[in-house]
Amino acid sequence: MKIMILVSLLAMMWTGQPSESELALLNINKTESTVSWKAAKVTGEHYGKVAISDAKLDYENGRIQGGSFEINMTTITVEDIKDANSNKRLVDHLKSDDFFSVEKFNKSSMTITEAKTSNGKDYEIKANLIIKGISNPVAFPVTVSEEGNKVIATGKITFDRTKYDIKYRSGNYFENLADRLIYDEVTLDVKLVGMK
(Lines give C-alpha, C1' and ligand atoms only; values in the text may rest on other atoms or scores of the structure.)
Protein backbone atom coordinates (compact mmCIF):
# COMPACT_ATOMS: atom_id res chain seq x y z
CA MET A 1 0.00 0.00 0.00
CA LYS A 2 2.82 2.38 0.94
CA ILE A 3 4.61 1.56 -2.30
CA MET A 4 1.49 2.36 -4.33
CA ILE A 5 1.09 5.74 -2.60
CA LEU A 6 4.78 6.52 -3.18
CA VAL A 7 4.49 5.58 -6.87
CA SER A 8 1.39 7.79 -7.22
CA LEU A 9 3.17 10.75 -5.62
CA LEU A 10 6.25 10.27 -7.83
CA ALA A 11 4.05 10.03 -10.92
CA MET A 12 2.28 13.24 -9.95
CA MET A 13 5.60 15.03 -9.45
CA TRP A 14 6.93 13.65 -12.73
CA THR A 15 3.91 14.81 -14.75
CA GLY A 16 3.93 18.21 -13.09
CA GLN A 17 0.33 17.91 -11.94
CA PRO A 18 -0.56 20.03 -8.93
CA SER A 19 -1.50 18.28 -5.72
CA GLU A 20 -4.99 18.64 -4.31
CA SER A 21 -3.70 21.13 -1.74
CA GLU A 22 -2.59 23.44 -4.54
CA LEU A 23 -5.99 23.33 -6.25
CA ALA A 24 -8.81 25.35 -4.75
CA LEU A 25 -12.33 26.28 -5.73
CA LEU A 26 -12.85 29.12 -3.28
CA ASN A 27 -16.06 29.36 -1.31
CA ILE A 28 -17.52 32.77 -2.12
CA ASN A 29 -18.95 34.79 0.76
CA LYS A 30 -22.11 36.18 -0.87
CA THR A 31 -22.76 38.54 2.04
CA GLU A 32 -19.41 40.32 1.62
CA SER A 33 -19.36 40.06 -2.19
CA THR A 34 -21.13 42.81 -4.12
CA VAL A 35 -22.12 43.94 -7.61
CA SER A 36 -22.82 47.66 -7.98
CA TRP A 37 -24.16 49.21 -11.20
CA LYS A 38 -23.98 52.74 -12.59
CA ALA A 39 -25.56 54.30 -15.68
CA ALA A 40 -25.50 57.91 -16.86
CA LYS A 41 -27.77 60.19 -18.83
CA VAL A 42 -27.46 63.78 -20.05
CA THR A 43 -28.99 65.17 -16.85
CA GLY A 44 -27.13 62.99 -14.34
CA GLU A 45 -26.64 59.36 -13.32
CA HIS A 46 -28.26 56.53 -11.42
CA TYR A 47 -26.62 53.76 -9.41
CA GLY A 48 -27.51 50.83 -7.20
CA LYS A 49 -26.80 47.20 -6.44
CA VAL A 50 -27.86 43.73 -7.50
CA ALA A 51 -27.43 40.57 -5.41
CA ILE A 52 -25.09 37.70 -6.27
CA SER A 53 -26.99 34.40 -6.37
CA ASP A 54 -24.00 32.17 -7.17
CA ALA A 55 -20.25 32.61 -7.64
CA LYS A 56 -17.10 30.51 -8.09
CA LEU A 57 -13.43 31.45 -8.15
CA ASP A 58 -10.77 28.96 -9.29
CA TYR A 59 -7.63 29.83 -7.35
CA GLU A 60 -4.52 27.72 -7.90
CA ASN A 61 -1.02 28.34 -6.56
CA GLY A 62 -2.00 31.86 -5.49
CA ARG A 63 -3.45 32.83 -8.88
CA ILE A 64 -6.90 33.10 -10.45
CA GLN A 65 -7.38 30.44 -13.12
CA GLY A 66 -11.07 30.98 -13.82
CA GLY A 67 -14.40 31.70 -12.23
CA SER A 68 -17.94 32.93 -12.70
CA PHE A 69 -20.76 34.75 -10.99
CA GLU A 70 -24.51 34.92 -11.41
CA ILE A 71 -26.68 37.83 -10.31
CA ASN A 72 -30.37 37.81 -9.47
CA MET A 73 -31.91 40.61 -11.55
CA THR A 74 -35.08 40.63 -9.44
CA THR A 75 -33.01 42.15 -6.59
CA ILE A 76 -31.88 45.25 -8.50
CA THR A 77 -31.95 48.39 -6.36
CA VAL A 78 -31.56 52.13 -6.93
CA GLU A 79 -29.54 53.97 -4.27
CA ASP A 80 -29.42 57.56 -5.56
CA ILE A 81 -33.19 58.29 -5.33
CA LYS A 82 -34.42 58.74 -1.76
CA ASP A 83 -38.11 59.38 -2.43
CA ALA A 84 -39.82 55.97 -2.08
CA ASN A 85 -42.34 56.45 -4.91
CA SER A 86 -39.75 57.76 -7.39
CA ASN A 87 -37.35 54.99 -6.39
CA LYS A 88 -39.97 52.28 -6.98
CA ARG A 89 -40.91 53.83 -10.32
CA LEU A 90 -37.32 53.60 -11.59
CA VAL A 91 -36.76 50.09 -10.19
CA ASP A 92 -39.94 48.89 -11.90
CA HIS A 93 -38.85 50.57 -15.14
CA LEU A 94 -35.42 48.88 -14.98
CA LYS A 95 -37.18 45.53 -14.56
CA SER A 96 -39.47 46.19 -17.55
CA ASP A 97 -38.92 45.28 -21.20
CA ASP A 98 -37.47 48.77 -21.82
CA PHE A 99 -34.41 47.59 -19.92
CA PHE A 100 -33.67 44.16 -18.39
CA SER A 101 -36.94 42.23 -19.01
CA VAL A 102 -36.57 40.69 -15.56
CA GLU A 103 -39.77 38.65 -15.78
CA LYS A 104 -38.30 36.74 -18.75
CA PHE A 105 -34.61 36.92 -17.81
CA ASN A 106 -34.24 36.93 -14.03
CA LYS A 107 -30.54 35.97 -14.06
CA SER A 108 -27.46 37.53 -15.64
CA SER A 109 -24.01 35.95 -15.48
CA MET A 110 -20.34 36.26 -16.33
CA THR A 111 -17.78 33.48 -16.92
CA ILE A 112 -14.02 34.04 -17.15
CA THR A 113 -12.43 32.68 -20.33
CA GLU A 114 -8.88 33.96 -19.73
CA ALA A 115 -6.98 35.41 -16.74
CA LYS A 116 -3.55 36.93 -17.41
CA THR A 117 -1.21 38.25 -14.72
CA SER A 118 2.50 38.83 -14.28
CA ASN A 119 2.48 39.33 -10.50
CA GLY A 120 -0.57 37.46 -9.16
CA LYS A 121 -2.21 40.74 -8.11
CA ASP A 122 -3.05 42.69 -11.27
CA TYR A 123 -5.01 40.81 -13.92
CA GLU A 124 -6.35 41.33 -17.40
CA ILE A 125 -9.54 39.30 -17.54
CA LYS A 126 -11.49 38.18 -20.59
CA ALA A 127 -14.98 36.83 -20.03
CA ASN A 128 -18.41 36.22 -21.50
CA LEU A 129 -21.16 38.44 -20.09
CA ILE A 130 -24.75 37.20 -20.49
CA ILE A 131 -27.65 39.63 -20.07
CA LYS A 132 -31.20 38.93 -21.32
CA GLY A 133 -29.92 35.63 -22.68
CA ILE A 134 -27.44 37.42 -24.98
CA SER A 135 -23.72 36.66 -24.63
CA ASN A 136 -20.93 39.09 -25.54
CA PRO A 137 -17.21 39.10 -24.73
CA VAL A 138 -15.87 41.68 -22.27
CA ALA A 139 -12.35 42.53 -21.09
CA PHE A 140 -11.49 44.36 -17.88
CA PRO A 141 -8.82 44.75 -15.18
CA VAL A 142 -9.03 42.95 -11.84
CA THR A 143 -7.03 43.42 -8.66
CA VAL A 144 -6.56 40.54 -6.22
CA SER A 145 -5.44 40.74 -2.60
CA GLU A 146 -5.23 38.29 0.28
CA GLU A 147 -6.29 39.14 3.83
CA GLY A 148 -5.81 36.21 6.18
CA ASN A 149 -7.90 33.37 4.79
CA LYS A 150 -9.74 35.69 2.37
CA VAL A 151 -9.02 36.23 -1.32
CA ILE A 152 -10.58 39.50 -2.53
CA ALA A 153 -11.00 40.13 -6.27
CA THR A 154 -12.27 43.53 -7.44
CA GLY A 155 -12.92 44.64 -11.00
CA LYS A 156 -14.85 47.16 -13.08
CA ILE A 157 -16.76 45.82 -16.09
CA THR A 158 -17.95 48.32 -18.69
CA PHE A 159 -20.42 47.17 -21.32
CA ASP A 160 -22.56 48.63 -24.11
CA ARG A 161 -26.18 48.00 -23.12
CA THR A 162 -27.40 48.11 -26.73
CA LYS A 163 -25.50 44.86 -27.43
CA TYR A 164 -27.94 43.22 -25.02
CA ASP A 165 -31.06 44.62 -26.70
CA ILE A 166 -31.41 47.49 -24.20
CA LYS A 167 -32.01 50.38 -26.58
CA TYR A 168 -34.35 52.63 -24.60
CA ARG A 169 -33.44 56.30 -25.27
CA SER A 170 -30.12 55.34 -26.88
CA GLY A 171 -28.67 58.00 -29.16
CA ASN A 172 -27.63 55.25 -31.58
CA TYR A 173 -31.25 54.24 -32.17
CA PHE A 174 -33.36 57.33 -31.51
CA GLU A 175 -33.05 60.90 -32.77
CA ASN A 176 -33.80 64.25 -31.09
CA LEU A 177 -33.68 62.90 -27.54
CA ALA A 178 -31.98 66.06 -26.23
CA ASP A 179 -31.82 65.90 -22.42
CA ARG A 180 -33.78 62.62 -22.40
CA LEU A 181 -30.76 60.74 -23.84
CA ILE A 182 -29.42 57.82 -21.79
CA TYR A 183 -25.81 56.86 -22.53
CA ASP A 184 -25.11 53.33 -23.75
CA GLU A 185 -22.23 52.60 -21.36
CA VAL A 186 -23.05 50.79 -18.10
CA THR A 187 -20.48 49.90 -15.45
CA LEU A 188 -20.50 47.05 -12.95
CA ASP A 189 -18.18 47.23 -9.96
CA VAL A 190 -17.70 43.65 -8.83
CA LYS A 191 -16.17 42.48 -5.56
CA LEU A 192 -15.84 38.74 -4.90
CA VAL A 193 -14.66 37.61 -1.48
CA GLY A 194 -13.47 33.99 -1.45
CA MET A 195 -12.56 31.92 1.61
CA LYS A 196 -9.52 29.66 1.42
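Per chain, the residues get numbers from 1 upward, laid out in the order the sequence is written. In keeping with the model being predicted, local features are shown solely for residues with a pLDDT of at least 70 and side-chain atom pairs are shown and tallied solely at 80 or more, while totals for entire chains, interfaces and linings include all residues. The basis for every side-chain value is the complete set of heavy atoms in the structure, and neither hydrogens nor water enter the calculation.

Time to look at the overall build of the chain. Starting at the N terminus, helices and strands are each numbered in turn, a helix being any DSSP run of H or I of at least four residues and a strand any DSSP run of E of at least two. The number of helices and strands found in the chain is two helices and nine strands. Starting at the N terminus and ending at the C terminus, the chain contains elements arranged as α-β-β-β-β-α-β-β-β-β-β. Burial statistics for the chain: of 196 residues in total, 36% are counted as buried. By sequence separation, contacts in the chain at least 24 residues apart represent 56% of the contacts at least 6 residues apart. Only carbon and sulfur atoms are counted for the fraction: they give 52% of the accessible area of the chain, which is about 11800 Å². For the exposure calls, accessible area comes from a 1.4 Å probe over protein chains only, and a residue counts as buried if that area is under 20% of its type's maximum, exposed if over 50%, partly exposed in between. Residue contacts are defined here by distance: any two heavy atoms, one from each residue, within 4.5 Å place the two residues in contact. What sets the accessible areas is the Shrake-Rupley method with a 1.4 Å probe; for residues, cover comes only from the shown protein chains.

Attention now goes to the nonpolar core. Judged by nonpolar contacts, the single largest core of 45 residues is most densely connected at Phe69 and Ile157. In this structure phenylalanine 69 touches Val35, Asp54, Ala55, Ser108, Ser109, Met110, Ile157, Val190 and Leu192, once residues within four positions along its chain are discounted. Among the buried residues, those of types Ala, Val, Leu, Ile, Met, Phe, Trp, Tyr and Cys that are joined through side-chain atoms within 4.5 Å form a nonpolar core.

A few words now on helix α2 (residues 84–95). How far a helix is expected to stretch is found by multiplying one less than its residue total by 1.5 Å. In this model, α2 (12 residues) spans 16 Å end to end at C-alpha, consistent with the 16 Å of a helix rising 1.5 Å per residue. Of the positions making up α2, those classed as buried are Asn87, Leu90, Val91 and Leu94. Each buried residue of α2 lies within a common arc of 100° when the element is viewed along its axis, so the set occupies one face. Structural note: α2 exposes Asn85, Lys88 and Arg89 on the side pointing more than 90 degrees away from its buried face. Its buried side turned inward, α2 meets β2 (34–41) and β3 (44–60). Within this analysis, the arc is defined by the directions that extend from the helix axis to the C-beta atoms.

So, on to the confidence of the model for the chain. pLDDT measures how confident the predictor is about each residue, on a scale from 0 to 100. When the pLDDT values of the chain are averaged, the result is 83; 80% of them are 70 or greater. Taken as a whole, residues 171–180 scores under 50 in pLDDT and shows 14 contacts with residues more than four places along the chain or in a different chain.

Moving on to empty space enclosed by the protein. Note on definitions: the grid is 1 Å and covers protein atoms alone; a cavity is a set of points where a 1.4 Å probe fits but cannot get out; a pocket is an open set with protein on both sides within 12 Å along at least five of seven lines; lining residues have an atom within 4 Å of a point. Grid points are joined across faces, edges and corners, and a volume is the space filled by probe spheres set on the points. Under the criterion given, the structure shown has one cavity of 30 Å³ or more. Computed from the structure, the largest cavity encloses a volume of approximately 150 Å³. Taken together, 17 residues line the largest cavity, and the ones lying closest to its centre are Met110, Ile112, Phe140, Val142 and Leu192.

Here the focus is the environment of lysine 191. Along the polypeptide, lysine 191 turns up in strand β9 (residues 182–195). With 158 residues separating them along the chain, lysine 191 and serine 33 place their C-alpha atoms 5.2 Å apart. The residues contacting lysine 191, other than those within four sequence positions of it, are Glu32, Ser33, Thr34, Ile52, Ile152, Ala153 and Thr154.

Below, the discussion takes up the packing of aromatic side chains. Any two rings among Phe, Tyr and Trp, with Trp reduced to its six-membered ring, count as a pair given centres within 6.5 Å; such a pair is stacked if its planes are under 30 degrees apart, edge-to-face if over 60, and tilted if neither. Going through the model one piece at a time under the given rule, you end up with one aromatic pair. Ring centres 5.5 Å apart and planes at 85° place the aromatic pair phenylalanine 159 and tyrosine 164 in the edge-to-face group.

Here we take up the pairing of strand β6 (residues 122–131). Here β6 shows a clear split, with Tyr123, Ile125, Ala127, Leu129 and Ile131 buried on one side and none of Asp122, Glu124, Lys126, Asn128 and Ile130 buried on the other. Here, a strand pair is defined by DSSP locating no fewer than two bridges between the strands. The sheet contact formed by strand β5 (residues 107–117) and β6 spans eight bridges and is antiparallel. Following the sheet pairing, threonine 111 is matched in β6 by asparagine 128. Hairpin connection between β5 and β6: a loop of four residues separates the two successive antiparallel strands, and glycine 120 in this loop has a positive phi of roughly 80°.

Let's shift gears to the pattern of salt bridges. Here a salt bridge means any side-chain nitrogen of Lys or Arg lying within 4 Å of a carboxyl oxygen belonging to Asp or Glu. Tallied over the entire structure, the rule returns 12 salt bridges. Its salt-bridge partner being lysine 56, residue aspartate 54 comes within 3.1 Å of it at the nearest N-O pair.

As a further point, take unusual backbone geometry. The phi angle at asparagine 61 is positive, at roughly 55°, despite the residue not being glycine. For asparagine 61, the position within the fold is in the loop between β3 and β4 (63–72). One non-glycine residue, aspartate 165, adopts positive backbone phi at about 60°. Its place among the elements puts aspartate 165 in the loop between β8 (150–160) and β9.

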